[in-house]
Amino acid sequence: KMICKLEACWSFNKFIFIGGSGHFGNREGLGWFFDKIYIPLYKKIEYPIYVIGNWDRDFRTKYKKYEKIIFTGFVPDIKYYYDDSILLCPILSGSGIRTKILEALANKIPVMSTRLGSEGLFDKTRFTDHLFHFENKDDFEKILKTVENNPELVAETANKGSNYYAINFDSIKLLEKRRQLYLKS
């Protein structure tokens with residue numbers, strides 16, 4: 001079942017990353033995030049990152065000494081990890097809409113992503129209030145301080161993300177969009 005969480009959390013105590021090392025975009029993005037953002041800020045960030053998915057031994061070994069980087073492997077039920085979390089999507093290459101972000105939005109999980117990672121899920125010409133965007137360490141640190149100082153922003157952003165999902169990706173609306181495309185051709 002895709003939607004397993006119906007209420008947004010008013011705080012968070014962890015980050016989650018979903019995806020395995022077999023996908024180049026995941027490997028590249030998570031490695032960049034660890035090396036350029038999380039580890040340089042390691043002493044300032046109290047929150048662990050749960051990396052959900054299968055990752056090869058070399059990648060896991062590289063980050064083994066960092067207690068707050070936790071590789072879970074495949075998990076049969078993600079609901080436990082969704083509770084009190086923020087989804088990270090530090091993707092640097094590739095294209096298309098990320099299913100992990102759609103599922104997070106549907107489950108009222110706030111998302112911190114690179115703009116490329118959330119491609120297709122926001123209007124580039126408007127202010128985005130349903131996702132947190134970062135492109136570097138300074139952006140990430142600023143967002144982190146903002147949500148730590150304004151805990152209500154966590155739930156507010158999660159609820160706006162859920163509304164965005166409902167407006168744009170509801171199954172009935174998607175069916176109607178497909179029907180309209182077929183009628184035009």
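Just so we're clear, the structure is a prediction, and the values are computed from it rather than from any experiment.

Cut-off values and rules
Residues numbered from 1 in each chain as written. Predicted model: local features only at pLDDT ≥ 70, side-chain atom pairs only at ≥ 80, totals over all residues. Heavy atoms only, no water. Helix = DSSP H or I, 4+ residues; strand = E, 2+ residues; numbered from the N terminus. Rg over C-alpha atoms; globule rule 2.2 N^0.38 Å. Buried < 20%, exposed > 50% of the residue type's maximum accessible area, 1.4 Å probe, protein only. Contact = heavy atoms within 4.5 Å. Areas by Shrake-Rupley, 256 points an atom, 1.4 Å probe, with all protein chains shown as cover. Lys, Arg positive; Asp, Glu negative; His and termini not counted. Charge placed at Lys NZ, Arg CZ, Asp CG, Glu CD. Salt bridge = Lys/Arg side-chain N within 4 Å of Asp/Glu carboxyl O. Polar contact = N/O pair within 3.5 Å; in protein donor to acceptor, adjacent residues only side chain to side chain. Expected span 1.5 Å × (residues − 1).

Student: Could you clarify how one ought to interpret the overall build of the protein chain in this entry?
Tutor: The number of helices and strands found in the protein chain is seven helices and six strands. Ordered by position from the N terminus, the helices and strands of the protein chain form the series β-α-β-α-β-α-β-α-β-β-α-α-α. Against the globule reference of 16 Å for 185 residues, the protein chain gives a C-alpha radius of gyration of 17 Å, in line with a compact fold. Expressed as a percentage of the 185 residues in the protein chain, the buried residues total 46%. Counting only contacts in the protein chain whose residues sit at least 6 apart along the sequence, the fraction spanning at least 24 positions is 65%. Entry remark: accessible area of the protein chain is about 10300 Å², with carbon and sulfur atoms responsible for 53%. Measuring between centres, the 29 positive side-chain charges of the protein chain sit 3 Å from its 23 negative side-chain charges.

Student: What is the right way to look at the side chain of K100 in this model?
Tutor: Relative to the elements of secondary structure, K100 occurs in helix α4 (residues 99–106). No salt bridge is formed by the buried K100, whose closest oppositely charged neighbour, E103, lies at an N-O distance of 9.9 Å. Of note is the side chain of K100, whose polar atom sits 2.6 Å from the backbone oxygen of I18. A polar contact is formed between the side chain of K100 and the side chain of N26, at a distance of 2.8 Å.

Student: Any chance you could explain helix α1 (residues 24–38) here in plain terms?
Tutor: Here α1 contains 15 residues, and its C-alpha end-to-end distance of 20 Å stays within 8% of the 21 Å for a straight helix at 1.5 Å per residue. All of the buried residues in α1 are G25, N26, G29, L30, G31, W32, F33, F34, I37 and Y38.

Read these as spatial facts, not as claims about activity.
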